[in-house]
Amino acid sequence: MALSPARAVAELQELRELTGDENGAQRVAWTETWEQAREWLRGKLAETGAEERVDAAGNQWFTLRGESDRALLIGGHLDSVPNGGWLDGSLNVLAGAEVLRRIAAGGTPPVTVRLVNWADEEGARFGRSLFGSSAAAGSMADQDELRARRDADGVALPDAISAHGVELDRALEARSELEDAAAYLELHIEQGPVLESLDLPLGVVLGTFGVERHLVTFRGQAAHAGSTPMDKRRDALAGAAKLELEIREIAKRTGGGAVCTMGSVVTKPGIVTSVVETAECLLDQRHLDADTLASMLGEAKAASKRFADEEDVEVEWTRVWSIDPIPFDADLIELADESIREVAGQSHRLPSGPLHDAAEVARAGIPTVMLFVQSLRGLSHTKLEDTKPEHLELSVQALDRLATKTLAKLAK
């Protein structure tokens, strides 16, 4: 059976019709629609003879046994955010399914090939992204917190996943699935505007950004909005506003893809007749280099102290979450770059701002690389998410070339 990129695109469209509506994709993890998508995938791969297994974390594996137990993994996720796009995650899986079909038709591969549909990459229902891949990578260290999480309807996470055959206390047993893994490949839409701005269909991902996320609280003094002169105010929001503008400059000065975002500001007392007493800001900073990220954080902290002094207010920082930058495998990056140039003529190397399951696999010490395909208008997590059909077909070809080259490398 020859590779058929057009079939992969047609199956993406079929999945969209099956599990979406007029608002977009509805394959939220741990729901019946998500299970319907997994059952659909099961049927699509039955002809390959690959063995299916659902592990202790709910990850769905399809294994094509090779001459060696060493395994090439190709991965993605079928779950979506509510009202999501038709390509985020599902492209990875269905392109991988097409590659698996092509390899199966050629006889026994030199090493084992496994397609994985990771469980709950998005974290849409309970706010915990990368559930299945972090369990398999052995990095899930927040199970006590997970037990306390509830969705918008008050359903506890352990109860919701139990309804789908997953017990939280056993989820880390999924780690055994990576014991023989020798390489991991993932194709994904870019979810950003870089490739489109360069008029290129495909790119190689160098790694995922490190993230520093903090709650920054400015504390001033509430006072009457009418009777307090401007030069006598201790306005907490003034400090926050100055920091919001400064983090943009920090990102510009830093370069190299640096991004800084103040995604939320909550003021108290939050009424029009009072000077703001407290302003709580959520700050997100990302970069591919750990030292550079640390420098960005240091600059932001110093700036916040300077602005607090200028406005006669106080400032304190509380870390919410952080993750180190995760570089991908240098040899696989070269193979990926070569594969893209063979099918598209030109390649581009770029970091990933969003996190992906690939980051968790790389954290587990498995050589990993990702391919990006252009996203129209840079949009994702919306029904407007789209990629040109010809670019989707090129991405399937590039993934197949990369899988072929990686198999040859692993067989040596």
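Up top you'll find the structure we're talking about.
Nothing here was measured: the structure is a model prediction, and the numbers come from that model.

Taken in spatial order, the 4 strands line up as β10-β11-β9-β12 in an open sheet, and their pairing is antiparallel. Two strands lie at the open edges of the sheet, namely β10 (259-268) and β12 (314-323), each paired on one side alone. With strand direction ignored, the average angle separating the axes of adjacent strands in the sheet is 15°. Note: strand β9 (residues 210-219) against strand β11 (residues 278-287), 10 bridges, orientation antiparallel. When the sheet's bridge partners are listed, Val216 is paired in β11 with Cys281.

Positionally, Val361 belongs in helix α11 (residues 357-363). By relative accessible area, Val361 is classed as buried at 0%. Along the chain, Val361 and Ser139 lie 222 residues apart, while their C-alpha atoms are 9.7 Å from each other. Setting aside anything within four residues of it in sequence, one finds Val361 in contact with Trp118, Tyr184, Ile366 and Thr368.

To continue, consider the nonpolar core. Trp30 and Phe131 are the most contacted members of the largest nonpolar core, which has 97 residues in total. In this structure Trp30 touches Ala57, Ala119, Asp120, Arg125, Phe126, Phe131, Ala160, Ile161, His164 and Val166, once residues within four positions along its chain are discounted.

Looking now at helix α8 (residues 236-254). Taking 1.5 Å per residue as the helical rise, α8 with its 19 residues ought to reach 27 Å, and the 27 Å between its terminal C-alpha atoms agrees with that figure. Of all the positions in α8, only Ala236, Gly239, Ala240, Leu243, Glu246, Ile247, Ile250 and Ala251 are classed as buried. One side of α8 holds all its buried residues, which, seen down the axis, span an arc of 145°. Exposed residues on α8 whose side chains face more than 90 degrees from its buried face are Leu245 and Lys252. Buried residues along α8 sit against β9, β10, β11 and α9 (290-311). N-cap assignment for α8: the residue whose side-chain oxygen lies 2.9 Å from the backbone N of Leu237 is Asp235. Two residues or fewer past α8, Gly255 is found with a positive phi of approximately 70°.

Below, the discussion takes up the packing of aromatic side chains. Using the criterion set out here, one finds 4 aromatic pairs in the structure. Measuring from ring centre to ring centre gives 5.5 Å for Trp61 and Trp118, while their planes differ by 75°; the resulting arrangement is edge-to-face. In this pair, Trp61 is assigned in strand β4 (residues 60-64) and Trp118 in the loop between β6 (112-117) and α4 (131-137), connecting sequence segments 57 residues apart. Note on Trp61: relative accessible area 0%, which makes it buried. Ring geometry for Trp118 and Tyr184: centres 6.3 Å apart, planes at 55°, overall tilted. A residue pair is termed long-range when its members are at least 10 positions apart, and Trp118 in the loop between β6 and α4 and Tyr184 in strand β7 (residues 181-189) qualify at 66 residues. A single burial state applies to Trp118 and to Tyr184, both of which are buried.

On to unusual backbone geometry. The residue after Lys268, namely Pro269, is reached through a cis peptide bond having omega 10°. Within the element layout of this structure, Pro269 appears in the loop between β10 and β11. Even without being a glycine, Trp30 presents a positive backbone phi close to 65°. Positionally, Trp30 belongs in the loop between β2 (24-25) and α2 (32-45). Within the chain, Gln191 stands out as a residue other than glycine whose phi angle is a positive 65°. If you trace the backbone, Gln191 turns up in the loop between β7 and α7 (194-197). Judged by its relative accessible area of 19%, Gln191 falls in the buried class.

Moving on: the pattern of salt bridges. Tallying each qualifying case throughout the model produces 36 salt bridges. A salt bridge links Arg349 to Asp337, with the shortest nitrogen-to-oxygen separation between them at 3.5 Å. With a gap of 12 residues between them, Arg349 in strand β14 (residues 349-352) and Asp337 in helix α10 (residues 330-344) connect regions that are remote in the sequence. Residue Arg349 is classed as partly exposed on the basis of its relative accessible area of 34%. Sharing partners across several salt bridges, the network here consists of Arg7, Glu11, Glu98 and Arg101.

Parameters and conventions
- Residues numbered from 1 in each chain as written.
- Predicted model: local features only at pLDDT ≥ 70, side-chain atom pairs only at ≥ 80, totals over all residues.
- Heavy atoms only, no water.
- Pairing = 2+ DSSP bridges.
- Helix = DSSP H or I, 4+ residues; strand = E, 2+ residues; numbered from the N terminus.
- Axes fitted to C-alpha atoms, helices over the stretch in contact; angles between N-to-C directions.
- Buried < 20%, exposed > 50% of the residue type's maximum accessible area, 1.4 Å probe, protein only.
- Contact = heavy atoms within 4.5 Å.
- Core = buried A, V, L, I, M, F, W, Y, C linked by side-chain atoms within 4.5 Å.
- Expected span 1.5 Å × (residues − 1).
- Arc of directions from axis to C-beta.
- Polar contact = N/O pair within 3.5 Å; in protein donor to acceptor, adjacent residues only side chain to side chain.
- Phe/Tyr/Trp six-rings, centres within 6.5 Å; stacked < 30°, edge-to-face > 60°.
- Salt bridge = Lys/Arg side-chain N within 4 Å of Asp/Glu carboxyl O.

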